Amino acid sequence: MKDIISYVQEKKIPLAVHINLTRRCNLHCLHCCVGKGRKTASGQAGTTEAGFELGLMHIQRVFEELAQVGCLLLTLSGGEVLLRDDLLEIISRARELDFAVKIFTNGTLVGRKEAQAFHRLRIQEVHVSLYGADAKIHDLITGVSGSWTKSMEGIRWLREEGVAVKVKCPIMKQNLAEYRKVYELAVSLGADYAFDPMITVRDDGNRDPLNYRISQEDLQMVLADPIFQTKRKSYREREESFACSASMMSEISEEVLCSAGHYICFISPEGDINPCVQLPIFCGNVLEHDFQWIWYHSPQMLRIRNLRMKDVRSCNNCRYLPWCARCPGLAYLEDGDLLGPSSAACWMVQAKEGDRQFNNQIQANNQIQPIVT
Amino acid sequence: MLAKYIARNENTASRIIDGQAVIMTLTDNTLHTLNAVGSRIWELCTGQKTMEEIIQIIQEEYISSRPDEIRSDCEIFFKDLYSKGMVVILDEKAQGNN
């Protein structure tokens, strides 16, 4: 994998593209990162109560353009993707063009019919958000009574049809005590799992979700949890190949900031193209230009692509830099500067540092095996 | 065995990038890459040709290589693709063009 990642990065092939098909959702999650989006003309075809959405014909054309430039991995998300009546048709078109397709959903609208279709269409994996191991906390976070029960039904249908499921649980103040139970629940359902304490600003700049981010003390505790450690190991491996962060100071300056605009890309429900789902810098719209032009020639895309770690001057002397997984998108969204310090990255790396000191102390005492190896 | 048809498994997704096949096996989320000859064979795994026919095509297209070496390499390659769940072996020609 490392070889192909290096290759597509060098050749600027958009191997992985994330598409949000809608902003509509049947839940009202406290921490939701999907904002209102760019204003578009109302009344045009495809306009919903949540604004304009690319129609099936547009999406088909975009899929063909993506296939032509080498894209293989598609993530279809929202909003809630199953609110699109044409979702199965969209997935069918994607599979006909031989894309690997992942679906991000809250699971509440997945019944037997949808699960069977996902199996028939060979969906790579369905990611279902679950915030608690019972309805109480989950429904509090989603703002919809009965949503936990429906999500669980959805997961069970998917598993019954043999569809791979990953239970995703953002960790926030409201469900800090729940994530271990969610882990046990996911395992009992035969699902993979992922926990993420990184609650982010909405993509329209709304900072309300940050109120739910856990304290650094709690983050340190979470990072020390063995069930989180196994995921962190894979994250470290990912960091190495994605060049999200550098391990050697001497190599940092010429490193790219991240994979955004190098081999990953994002398309909004309105057809706006950004370098990454977390980097809302408008590079063009697929209704005005073809994808290839935007990817290879948009001035904004080229600007992002040409940035290097040496351009992040304010962080160059930071003692945490070798371990920092700074995300330029989060720095831009949360702190307003693509090349400035990132509050989110500082919050994370300082907790990791505490975790490291904690483990060093354990290792020195030689009483129990260290969690971090 | 070589008289049987060979087709890409439905549990894969693939793209030819600069002549190199990049294949995702959807059951284990693994990306595989093939070299130029492997990619050419992958393109031919449509369920419309037997393994023997594919070997003959490769022998014709790579005339600078020894035919027996090509045959041996192809047989190993077919087994490797099959063991990784990337292809299926069919008794009859697949329907459609796939």
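Residues numbered from 1 in each chain as written. Chains lettered and ligands numbered in written order. Predicted model: local features only at pLDDT ≥ 70, side-chain atom pairs only at ≥ 80, totals over all residues. Heavy atoms only, no water.

## As for the overall build of chain B
Moving on, step 1. Within chain B, the regular secondary structure consists of 3 helices and 6 strands.
Moving on, step 2. What you see in chain B, going N to C, is helices and strands ordered as β-β-β-β-α-β-α-α-β.
Moving on, step 3. The principal-axis extent of the C-alpha atoms belonging to chain B is close to 35 × 30 × 25 Å.
Moving on, step 4. At a minimum sequence separation of 6, the contacts of chain B that also span at least 24 residues come to 57%.
Moving on, step 5. A total of about 5,300 Å² of accessible surface is found on chain B, and carbon and sulfur atoms cover 47% of it.
Moving on, step 6. Averaging the positions of the 10 positive and the 15 negative side-chain charges in chain B gives two centres separated by 2 Å. (Helix = DSSP H or I, 4+ residues; strand = E, 2+ residues; numbered from the N terminus. Contact = heavy atoms within 4.5 Å. Areas by Shrake-Rupley, 256 points an atom, 1.4 Å probe, with all protein chains shown as cover. Lys, Arg positive; Asp, Glu negative; His and termini not counted. Charge placed at Lys NZ, Arg CZ, Asp CG, Glu CD.)

## A short note on the nonpolar core
In summary, soluble globular proteins display a tendency toward joint burial of nonpolar side chains.
Moving on, step 1. Formed by 70 residues in total, the largest nonpolar core has its most connected members in F63(A) and L66(A).
Moving on, step 2. The biggest single contributor to this core is helix α2 (residues 56-68) of chain A, with 5 residues.
Moving on, step 3. Of all hydrophobic cores here, the second largest spans 20 residues; its members include I6(B), C45(B), M51(B) and V87(B). (Core = buried A, V, L, I, M, F, W, Y, C linked by side-chain atoms within 4.5 Å. Buried < 20%, exposed > 50% of the residue type's maximum accessible area, 1.4 Å probe, protein only.)

## Notes on the confidence of the model for chain B
Moving on, step 1. When pLDDT is averaged along chain B, the result is 94, and 98% of the positions lie at 70 or above.
Moving on, step 2. This complex was scored by the predictor with a pTM of 0.88 and an ipTM of 0.93. (pLDDT = per-residue confidence, 0-100.)

## Structural notes on the interface of chain A and chain B
Moving on, step 1. Contact with chain A, which involves 20 residues of that partner, is made by 15 residues of chain B.
Moving on, step 2. Between chain A and chain B, a total of about 1,600 Å² is buried, with carbon and sulfur atoms accounting for 57% of that surface.
Moving on, step 3. Considering only the side of chain A, the residues that lose the most area to chain B are L72(A), R122(A) and Q124(A), jointly responsible for 33% of the buried surface there.
Moving on, step 4. The residue E10(B) makes a salt bridge to R122(A) at a minimum N-O spacing of 3.0 Å.
Moving on, step 5. Our count for the chain A to chain B interface comes out at 9 residue pairs in polar contact (both at pLDDT 80 or more).
Moving on, step 6. Here the residues of the side of chain A that touches chain B sort into 13 nonpolar, 2 polar and 5 charged. (Buried area = accessible area lost by both parts, 1.4 Å probe. Salt bridge = Lys/Arg side-chain N within 4 Å of Asp/Glu carboxyl O. Polar contact = N/O pair within 3.5 Å; in protein donor to acceptor, adjacent residues only side chain to side chain. Nonpolar A, V, L, I, M, F, W, Y, C, P; charged D, E, K, R; others polar.)

## Concerning the sheet that holds strand β3 (residues 20-25) of chain B
Sheet strands associate in pairs through backbone hydrogen bonding, adopting either a parallel or an antiparallel arrangement.
Residues and elements named next belong to chain B.
Moving on, step 1. Pairing in this open sheet of 3 strands is antiparallel, and the strands run β2-β3-β4 from one edge to the other. Both outer strands of the open sheet, β2 (12-17) and β4 (30-33), are each paired with one neighbouring strand and no more. Sheet twist, expressed as the mean angle between neighbouring strand axes with direction ignored, is 20°.
Moving on, step 2. Taken together, the 4 bridges between β3 and β4 define a ladder with antiparallel strand orientation. Opposite I23, over in β4, you have H32 as the bridge partner. (Pairing = 2+ DSSP bridges. Axes fitted to C-alpha atoms, helices over the stretch in contact; angles between N-to-C directions.)

## Some thoughts on the packing of aromatic side chains
Moving on, step 1. Inspection of the entire model under this criterion finds 5 aromatic pairs over all chains.
Moving on, step 2. Taking the centre distance of 5.8 Å and the plane angle of 40° together, the rings of Y193(A) and F195(A) count as tilted.
Moving on, step 3. Three or more aromatic residues joined by ring pairs form one cluster here, namely Y179(A), Y183(A), Y193(A) and F195(A).
Moving on, step 4. Above the plane of the ring of F99(A) lies R15(B), whose end atom (NZ or CZ) is 4.5 Å from the centre. (Phe/Tyr/Trp six-rings, centres within 6.5 Å; stacked < 30°, edge-to-face > 60°. Lys NZ or Arg CZ within 6 Å of the ring centre and 35° of its normal.)

## Here's the deal with the state of the cysteines
Two cysteines form a disulfide when their sulfur atoms are joined by a covalent bond.
All names here are of chain A.
Moving on, step 1. If you walk through the whole model with that rule in mind, you get 0 disulfides over all chains.
Moving on, step 2. The closest cysteine sulfur to the non-disulfide-bonded C276 is located on C327, 6.1 Å from its own sulfur.
Moving on, step 3. For C276, a relative accessible area of 16% gives the class buried.
Moving on, step 4. C318 provides the cysteine sulfur closest to C315, a residue in no disulfide bond, and the two sulfurs are 6.3 Å apart.
Moving on, step 5. Judged by relative accessible area, which is 13%, C315 ranks as buried. (Disulfide = S-S within 2.5 Å.)

## Concerning the confidence of the model for chain A
Moving on, step 1. With 83% of its residues at a pLDDT of at least 70, chain A reaches an overall mean of 86.
Moving on, step 2. Throughout residues 232-251 of chain A the model reports pLDDT below 50, and contacts reaching past four residues in sequence, or to other chains, amount to 37 contacts.

## Focus on the sheet that holds strand β1 (residues 16-20) of chain A
All names here are of chain A.
Moving on, step 1. Strand order in the open sheet formed by 9 strands is β8-β7-β6-β5-β4-β1-β9-β10-β11, with mixed pairing between adjacent strands. The strands lining the two open edges of the sheet, one partner per strand, are β8 (192-196) and β11 (284-285).
Moving on, step 2. When strand β5 (residues 100-105) meets strand β6 (residues 125-129), the two strands line up parallel, connected through 4 bridges. From the neighbouring strand, T105 faces β6, where its bridge partner is V128.

## With respect to the environment of I89(B)
Moving on, step 1. Of note, I89(B) is situated in strand β6 (residues 87-90).
Moving on, step 2. For the pair I89(B) and F78(B), spaced 11 residues apart in sequence, the C-alpha to C-alpha distance is 9.6 Å.

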